[in-house]
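Analysis of the macromolecular model
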Amino acid sequence: MRIIGIESSCDETAVAVYDSERGLLAHRLHSQIAMHQAYGGVVPELASRDHVRRLLPLLRGALADAESGRETIDGVAYTAGPGLIGALLVGAGFARSLAYAWDRPAIGVHHLEGHLLAPLLEDDAPGFPFLALLVSGGHTQLVDVAALGRYRVLGETLDDAAGEAFDKTAKMLGLPYPGGAALAQLAEQGRDGIFHFPRPMLDRPGLNFSFSGLKTAALVALRGRVLDDQARADVARGFQDAVVDTLAEKARRALAVTGHRRLVVAGGVGANRKLRERLSGIAADNGARLYFPRPEFCTDNGAMIALAGCLRLAACAAPERGRLALGARSSWPLENVGI
Ligand code: KG4
Ligand code: ZN
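Residues numbered from 1 in each chain as written. Chains lettered and ligands numbered in written order. Predicted model: local features only at pLDDT ≥ 70, side-chain atom pairs only at ≥ 80, totals over all residues. Heavy atoms only, no water.

1. As for the coordination of the zinc ion (ligand 2)
Within the protein, H111 (NE2), H115 (NE2) and D300 (OD) serve as the donor atoms for the zinc ion (ligand 2), at 2.0 to 2.1 Å. Its four donor atoms give the zinc ion (ligand 2) angles of 94 to 141 degrees at the centre, a pattern that matches the irregular case. (Donors = N, O, S within 2.8 Å, 3.2 Å for Na, K, Ca; no water. Tetrahedral: all angles 85-135°; square planar, octahedral: opposite > 155°, others 65-115°.)

This is the structure we're talking about:
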């Protein structure tokens with residue numbers, strides 16, 4: 001079974017071709033970051049218009065890379081939500097038109113389902129069930145994954161997402177948007193313990209997160225100071241240590257509560273090296289193993305959407321495949337995706 005995957009929920013336009021026998025055949029991506037950088041964040045209308053421009057050339061390129069003609073394609077998967085509604089509508093309209101023209105099923109995929117299944121793109125893929133820590137620019141969730149489409153959210157952020165906190169703090173440090181990866185790089189030169197930031201919600205039971213206070217603590221630490229390069233690196237280090245400690249401790253608690261032997265980390269912040277190191281230690285201490293996608297599949301991409309679409313199509317009996325086509329929706333609780 002061979003599926004096209006289309007991602008357009010935010011500021012990346014991406015198209016991939018995934019084959020259930022041969023794995024990922026091709027993936028192409030255009031990042032809009034340079035376009036949005038002048039505004040310090042994503043401008044939704046510009047994002048939608050750019051998706052319109054990019055989708056067709058990316059599709060042609062991905063099909064050529066995969067050496068796949070239309071007759072080889074069994075379905076067209078696309079991100080149906082959550083995300084920026086205009087951006088989603090462009091991808092959904094494009095994907096559903098293509099599916100209609102080629103007389104193939106259209107498969108709407110939940111963006112976060114794509115992220116949490118992304119480690120299945122790797123040779124060393126986790127089986128079900130597993131615990132997933134989803135850490136992206138828009139979401140921070142601990143999810144109990146029983147099987148495809150059977151997700152229980154154990155905890156989530158009450159305010160900012162981890163990636164959002166990284167981006168806002170990076171901005172305060174004068175780093176360009178989105179600053180998560182640049183902040184992590186700056187933190188490499190930072191010294192331990194010069195700036196100590198709070199570890200939000202660790203003093204309370206439960207598996208929820210809160211990152212807005214941490215961002216404010218970084219603002220207070222920076223206010224009124226003239227910071228040299230070393231001091232900026234020290235702030236970055238203090239901030240990253242606080243986020244990593246918080247995510248790791250909640251992941252440890254969730255492993256203990258669920259008894260899972262597999263821990264998956266996915267989403268853009270999942271590319272963070274310090275976070276991966278810490279989580280792999282925690283997994284080992286709890287008799288579990290850590291799985292993660294390669295860095296380019298941590299951030300938004302079409303490969304994870306193609307893979308999720310392929311699994312969904314395979315799990316759906318032929319007469320019912322029409323119900324896989326979903327309208328775009330800006331908000332969509334992960335627990336409601338079903339199968
Ligand atoms: O998953 P993603 O591409 O987009 C959403 O679906 O939100 O995640 C993007 C987020 C951004 O906030 C970015 O700053 C952050 O992931 N990010 C990182 C790193 N690489 C990307 N944060 C911390 N460390 C990194 N190495
Ligand atoms: Zn994402």
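Read on for the rest.
2. Examining the domain arrangement of the protein
For the protein, the assigned domains read domain 1 (2-117 + 297-336) and domain 2 (128-292). Using C-alpha coordinates to define each centre, domain 1 is positioned 27 Å away from domain 2. Taken together, the contacts link 19 residues of domain 1 with 24 residues of domain 2. For the pair domain 1 and domain 2, the two sides together bury roughly 1700 Å², of which 72% comes from carbon and sulfur. Counting across the interface, domain 1 meets domain 2 through zero salt bridges. For the side of domain 1 that touches domain 2, the secondary structure elements donating two or more residues are α1 (33-37), α4 (111-117) and α11 (303-314). If one sorts the elements of the side of domain 1 that touches domain 2 by residue count, α4 sits on top with five residues. (Domains from an automatic or database assignment. Contact = heavy atoms within 4.5 Å. Buried area = accessible area lost by both parts, 1.4 Å probe. Salt bridge = Lys/Arg side-chain N within 4 Å of Asp/Glu carboxyl O. Helix = DSSP H or I, 4+ residues; strand = E, 2+ residues; numbered from the N terminus.)

3. A word on the site of ligand 1
As a structural note, the neighbourhood of ligand 1 is formed by 20 residues, with G137, D167, G180, N272 and D300 the closest of them. A distance of 3.2 Å separates an oxygen atom of ligand 1 from a polar atom in the side chain of H111. Between a nitrogen atom of ligand 1 and a side-chain N or O atom of N272, the distance comes to 3.0 Å. Contact with the protein chains covers 86% of the free accessible surface of ligand 1, which is 570 Å². Breaking the shell around ligand 1 down by element, the ones donating at least two residues are α4, α5 (162-172) and α6 (180-187). Split by residue class, the shell around ligand 1 holds seven nonpolar, eleven polar and two charged. (Near = heavy atom within 4 Å. Polar contact = N/O pair within 3.5 Å; in protein donor to acceptor, adjacent residues only side chain to side chain. Areas by Shrake-Rupley, 256 points an atom, 1.4 Å probe, with all protein chains shown as cover. Nonpolar A, V, L, I, M, F, W, Y, C, P; charged D, E, K, R; others polar.)

4. Some remarks on the sheet that holds strand β8 (residues 150-156)
Sheet strands associate in pairs through backbone hydrogen bonding, adopting either a parallel or an antiparallel arrangement. The five strands lie next to each other as β8-β7-β6-β9-β10, forming an open sheet whose pairing is mixed. Of all strands in the sheet, those with a lone pairing partner are β8 and β10 (289-291), marking the two edges. Taken pair by pair, the neighbouring strands of this sheet meet at an average axis angle of 25 degrees, ignoring direction. Pairing of strand β7 (residues 140-147) with β8, which is carried by six bridges, proceeds in the antiparallel orientation. Residue D144 lies in a different strand from β8, and its bridge partner there is R152. In this fold helix α9 (residues 273-285) packs onto β6 (130-135), β9 (262-266) and β10, with an angle of close to 150 degrees to the strand it touches most, β10. (Pairing = 2+ DSSP bridges. Axes fitted to C-alpha atoms, helices over the stretch in contact; angles between N-to-C directions.)

5. A word on helix α3 (residues 85-102)
With 18 residues, α3 should reach 26 Å at 1.5 Å per residue; the first-to-last C-alpha distance of 25 Å fits that figure. Three or more residues of α3 are buried, namely A87, L88, V90, G91, A92, A95, L98, A99 and W102. At its buried positions, α3 is contacted by β1 (2-7), α2 (44-65), β4 (75-81) and β5 (106-110). Following α3 by one or two positions, D103 adopts a phi angle in the positive range, close to 55 degrees. (Expected span 1.5 Å × (residues − 1). Buried < 20%, exposed > 50% of the residue type's maximum accessible area, 1.4 Å probe, protein only.)

6. Overview of the pattern of salt bridges
For the structure shown, the criterion picks out 23 salt bridges. Here E188 and R273 are joined by a salt bridge, their closest N and O atoms 2.9 Å apart. Separated by 85 residues along the polypeptide, E188 in the loop between α6 and α7 (212-222) and R273 in helix α9 bring together distant segments of the chain. Residue R273 is classed as partly exposed on the basis of its relative accessible area, which comes to 43%. D241 is paired through a salt bridge with R237; the nearest N and O atoms lie 3.0 Å apart. One end of the pair is D241 and the other is R237, both in helix α8 (residues 229-258) and four residues apart, which spans about a single turn. The class of D241 is buried, set by a relative accessible area of 17%. With relative accessibility at 18%, the residue R237 sits in the buried group. Where salt bridges share partners, they join D160, E164, K168 and K215 into one cluster.

7. Some points on the environment of A95
Within the fold, A95 resides in helix α3. Overall, A95 belongs to the buried group, its relative accessible area being 0%. Those residues in contact with A95, other than ones at most four positions away along the chain, are I6, V76 and Y78.

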